[in-house]
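# Topology and contacts: notes
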Amino acid sequence: MKQLLAVAAFLASGLAACGGDSSLEGTGNEVRQPSVVSDSGGSVTASACTQHYVPRLTTYWTSLPMQADGQVGECELDASCNPTCWGVESAYPVYTDYFYCTHCP
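Residues numbered from 1 in each chain as written. Predicted model: local features only at pLDDT ≥ 70, side-chain atom pairs only at ≥ 80, totals over all residues. Heavy atoms only, no water.

## So, the state of the cysteines
- In the structure shown here, the tally under the stated rule is 3 disulfides.
- With a sulfur-sulfur separation of 2.0 Å, cysteine 75 is cross-linked through a disulfide to cysteine 85. Of note, the bridge from cysteine 75 to cysteine 85 carries an S-S torsion of about 115 degrees and is right-handed in sense. Taken together, the positions of cysteine 75 in strand 2 (residues 71-77) and cysteine 85 in strand 3 (residues 83-87) put the pair 10 residues apart, joining distant regions of the chain.
- Overall, cysteine 85 belongs to the partly exposed group, its relative accessible area being 43%.
- With its sulfur 2.0 Å from that of its partner, cysteine 81 forms a disulfide with cysteine 101. Because the torsion about its S-S bond is 100 degrees, the bridge between cysteine 81 and cysteine 101 counts as right-handed. Of the two residues, cysteine 81 is situated in the loop between strand 2 and strand 3 and cysteine 101 in strand 4 (residues 92-103); the sequence distance between them amounts to 20 residues. Accessibility classification places cysteine 81 together with cysteine 101 in one group, the buried group.
- Among the cysteines of the chain that take part in disulfides, numbered as they appear in the sequence, the pairing is 1-6, 2-4, 3-5. (Disulfide = S-S within 2.5 Å. Helix = DSSP H or I, 4+ residues; strand = E, 2+ residues; numbered from the N terminus. Buried < 20%, exposed > 50% of the residue type's maximum accessible area, 1.4 Å probe, protein only.)

Shown next as structure tokens:
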């Protein structure tokens, strides 16, 4: 649950950093792909995957402008939109290396 909240916060912060507007959701920036849940000969269901354009790397700093010893944390997303983080978040994030990740519920 904590990781899911971290992903949601990370995605929201990336959208805010780009000057994005949440009202833009559903305007063609999503890719829906069916996936097989069961191939045992019984019923087959599909789930929708969503593709997001987000920063792969977010670094957190003690202040801006950045100082050599001022980094206090970092989060990196993998191709499935799962974050790997260390340190702490701060009020001074820097977003880099934007890419498409695919989130499947």
